[in-house]
Amino acid sequence: MALCFWLLVSFRMQAQVSLYTVVDLALRNSAQVRMAQADVMRAAAGLTEAKDAYIPNLMLGSSLGYSYGFPLGEPSVFNVTSQSLLFTFSQPDYVRSARAALRAAELNLKDSRQQVILDTALDYAQLDKTQNEMAALDQEKQYADKLVSIEQDRVLAGVDGRTELTRAELTAAQITLKRIHLENEAQSLRQQLAHLTGLAPSSFITDSRSIPAARIFCRRRTWGGGQGC
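Residues numbered from 1 in each chain as written. Predicted model: local features only at pLDDT ≥ 70, side-chain atom pairs only at ≥ 80, totals over all residues. Heavy atoms only, no water.

Draft legend 1. Here's a closer look at the overall build of the protein. Of the regular secondary structure elements, the protein holds five helices and four strands. Its helices and strands taken in sequence order, the protein reads α-α-α-β-β-α-α-β-β from the N to the C terminus. Burial statistics for the protein: of 229 residues in total, 22% are counted as buried. In the protein, the proportion of contacts linking residues at least 24 apart, taken out of those at least 6 apart, comes to 72%. (Helix = DSSP H or I, 4+ residues; strand = E, 2+ residues; numbered from the N terminus. Buried < 20%, exposed > 50% of the residue type's maximum accessible area, 1.4 Å probe, protein only. Contact = heavy atoms within 4.5 Å.)

As structure tokens, this is what we get:
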């Protein structure tokens, strides 16, 4: 049972994460977005408070009990009082100000969400590109190692000189160095995505199919009777 649970957890940790899932988690985890949402709620409450100034306030009370001194009179079982704002020059300005504050808070929330979506999508796309480049380099490294092995045999057989072998070894070393740089870049991108989403850095295995294809917009122009972009 414990082995099955461990295999299930390992599979989930190594499963691919789509772009939509990463963006959704980033929006839920973003402190900037939550602060902007709180500002919208506060602005909405301020607008409601400004409008409620015209609604009558109804107060119920009672002064039942022993009465003495002035003014003379009998205690009342209950009393009702109402107070309402009928007319003022400043209250409409307060309402307009509260409405403008709500609009500004909504725009700030929209901007915060778009910024989080942009940062997350760019990091995800860059990580996917880096992983594809690493996969291509791994295949290229296999060919380079095979070429080094072939050149070693040719040098031992006296067919080629050491120059060709050194050149093949240099090519393999350059591929290895580039692979190390890409690995460091991928790790940095995983750390950034982990900070945005709250997931573990090792859980980010991108899904290239979830990334929308780039759209190229072309404006038709006419050069010498022909059409082009």
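Still more ground to cover, so stick around.
Draft legend 2. Spotlight on the pattern of salt bridges. Here the structure, examined in full by the defined rule, presents nine salt bridges. One salt bridge in this structure joins Asp39 and Arg42, with 3.3 Å as the shortest N-O distance. Here Arg42 and Asp39 lie together in helix α3 (residues 31-51), a separation of three residues that amounts to about one turn. Overall, the relative accessible area of 61% leaves Arg42 in the exposed class. Across the pair Asp145 and Lys141 runs a salt bridge, and its minimum N-O distance is 2.8 Å. One end of the pair is Asp145 and the other is Lys141, both in helix α4 (residues 91-156) and four residues apart, which spans about a single turn. On the basis of relative accessibility, which here comes to 37%, the residue Asp145 falls in the partly exposed class. Owing to a relative accessible area of 23%, Lys141 belongs among the partly exposed residues under this scheme. Linked by salt bridges that have partners in common, Asp138, Arg179 and Glu183 make up one network. (Salt bridge = Lys/Arg side-chain N within 4 Å of Asp/Glu carboxyl O.)

Draft legend 3. Representation of the environment of Gln174 within the structure. Among the secondary structure elements, Gln174 is positioned in helix α5 (residues 162-197). Note: C-alpha distance between Gln174 and Lys141 (33 residues apart in sequence) is 9.5 Å.

Draft legend 4. Looking closely at α5. Between its terminal C-alpha atoms α5 stretches 52 Å, which fits the 52 Å expected from 36 residues at 1.5 Å a residue. Regarding α5, the residues found buried are Leu165, Ala168, Ala172, Ile175, Leu182, Ala186, Leu189, Arg190, Leu193, Ala194, Leu196 and Thr197. Elements that come into contact with the buried residues of α5 comprise α2 (19-29) and α4. (Expected span 1.5 Å × (residues − 1).)

Draft legend 5. Broad picture of the environment of Glu151. As for its placement among the helices and strands, Glu151 is situated in helix α4. Residue classification places Glu151 among the buried residues on the basis of a relative accessible area of 10%. Between the C-alpha atom of Glu151 and that of Ala168, which follows or precedes it by 17 residues, the distance is 7.5 Å. Setting aside its immediate chain neighbours within four residues, Glu151 contacts Asp160, Glu164, Leu165 and Ala168.

Draft legend 6. Quick peek at the packing of α4 against α5. For the pair α4 and α5, interaxial distance at closest approach is 8 Å and the crossing angle is 160°. Viewed along their axes, α4 and α5 adopt a mutual orientation that is roughly antiparallel. For the pair α4 and α5, the crossing hand works out as left-handed. Among the residues forming the contact of α4 with α5, the class breakdown is 17 nonpolar, seven polar and 16 charged. (Axes fitted to C-alpha atoms, helices over the stretch in contact; angles between N-to-C directions. Parallel < 35°, antiparallel > 145°, perpendicular 65-115°, else oblique. Left-handed = near helix turned anticlockwise from the far one by under 90°. Nonpolar A, V, L, I, M, F, W, Y, C, P; charged D, E, K, R; others polar.)

Draft legend 7. Spotlight on α4. In this model α4 runs 96 Å from its N-terminal to its C-terminal C-alpha over 66 residues, within 8% of the 98 Å that 1.5 Å per residue would give. Just downstream of α4 lies Gly158, where phi reads positive at about 80°.

Draft legend 8. Spotlight on the side chain of Ser112. Locating Ser112 in the fold gives a position in helix α4. Here the side chain of Ser112 touches Asn108 through a polar contact of 2.9 Å, landing on its backbone oxygen. Those residues in contact with Ser112, other than ones at most four positions away along the chain, are Gln32, Val33 and Ala36. (Polar contact = N/O pair within 3.5 Å; in protein donor to acceptor, adjacent residues only side chain to side chain.)

Draft legend 9. Up close: the nonpolar core. Judged by nonpolar contacts, the single largest core of 36 residues is most densely connected at Val22, Leu127 and Phe204. Within the residue set of this core, elements represented by two or more residues are α2, α3, α4 and α5. The contact partners of Val22, leaving out residues within four places of it in the chain, are Val17, Thr120, Tyr124, Leu193, Thr197 and Phe204. (Core = buried A, V, L, I, M, F, W, Y, C linked by side-chain atoms within 4.5 Å.)

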